[in-house]
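# Secondary and tertiary structure notes
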Amino acid sequence: MIYPKLRLIKNEDIQLLRYWKNLDHIRHQMVEDNLIGKEDQKKWFDNIDENYKKYFIYSIDEKDVGNVKISNIDYKKKTFEAGIFCGDLSFLNHWVNIWACTEIYDYAFNELKLERAYAIIKNKNAVALRLNKSLGYIYEKNLNSDLQYLTLDKDNYLEASVKIKKYLNNLIKLKNNN
């Protein structure tokens with residue numbers, strides 16, 4: 001049975017996350033693109049306040065694929081920042097990545113009762129810009145010559161995600177029937 005999974009990161013996951021984030025195909029697309037050492041990664045993990053930041057590993061068939069997160073959660077303003085990266089190159093254009101996005105946005109909007117997301121994306125990251133547009137994000141402004149600021153409100157996401165979820169559900173059913 002093929003079905004993807006999402007789990008909160010644990011201490012055992014942090015070196016895998018570090019490995020992924022240090023990969024060139026990920027690191028060069030990040031706002032913070034410096035290499036991360038073992039000790040820096042441990043400090044980062046120890047300082048996560050789970051009230052305001054939630055990091056998940058997504059997987060398919062028990063194979064870890066990537067990381068999706070919500071951070072900078074502001075419960076008063078009902079906002080959060082979202083992000084994703086696919087650590088396994090063999091899954092770069094796989095449907096599990098968009099699945100992970102829908103799971104995290106559903107969690108933020110429905111479980112945490114947040115109302116607006118934002119993303120900061122490098123102008124040259126065409127894949128992330130296209131993905132965010134498909135989820136309903138709207139371009140707001142350039143932060144500088146390299147970075148764009150996009151926003152997503154819950155209603156736009158709910159509208160955009162209907163087709164995505166229908167496609168994903170049909171795909172998962174198809175895969176499980178074969």
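Read on for an overview of the structure. Along each chain, the written sequence defines residue order, and numbers are assigned to residues from 1. Where local features are concerned, this predicted model is filtered to residues with pLDDT of at least 70; where side-chain atom pairs are given and counted, the filter is 80 or more; whole-chain, interface and lining totals use all residues. Excluded from the side-chain calculations are hydrogens and water; all other atoms, namely the structure's heavy atoms, are used.

## Brief notes about the pairing of strand 3 (residues 63-74)
Put simply, the test is: Strand pairing is assigned whenever DSSP identifies at least 2 bridges connecting the two strands. Helix and strand definitions follow DSSP, with helices as H or I runs of at least four residues and strands as E runs of at least two, each counted in order from the N terminus.
Bridge analysis of strand 2 (residues 54-60) against strand 3 gives seven bridges, and the strand direction is antiparallel. Paired with Lys 54 across the two strands is Ile 70, which belongs to strand 3. Between strand 2 and the antiparallel strand that follows it, strand 3, lie two residues; Asp 61 among them carries a positive phi value of about 50°. As paired elements, strand 3 and strand 4 (residues 79-86) share seven bridges and run antiparallel to each other. Note that in strand 4 the partner of Asp 74 across the bridge is Thr 79. Count of turn residues in the strand 3/strand 4 antiparallel hairpin: four residues, of which Lys 78 carries a positive phi of about 60°.

## Description of the packing of aromatic side chains
Test applied: The criterion for an aromatic pair is that two Phe, Tyr or Trp rings (for Trp, the six-membered ring) have centres within 6.5 Å, with stacked assigned to planes under 30 degrees apart, edge-to-face to planes over 60 apart and tilted to the rest. Relative accessibility decides the category of a residue: with a 1.4 Å probe and only protein chains considered, values under 20% of the type maximum give buried, values over 50% give exposed, and everything between is partly exposed.
Inspection of every chain in the model, using the stated rule, returns twelve aromatic pairs. Here the aromatic rings of Phe 80 and Phe 109 are separated by 5.5 Å at their centres, their planes lie at 70°, and the arrangement is edge-to-face. Linking Phe 80 in strand 4 with Phe 109 in helix 4 (residues 95-111), this pair joins segments that are 29 residues apart in sequence. Given the relative accessible area of 0%, Phe 80 is considered buried.

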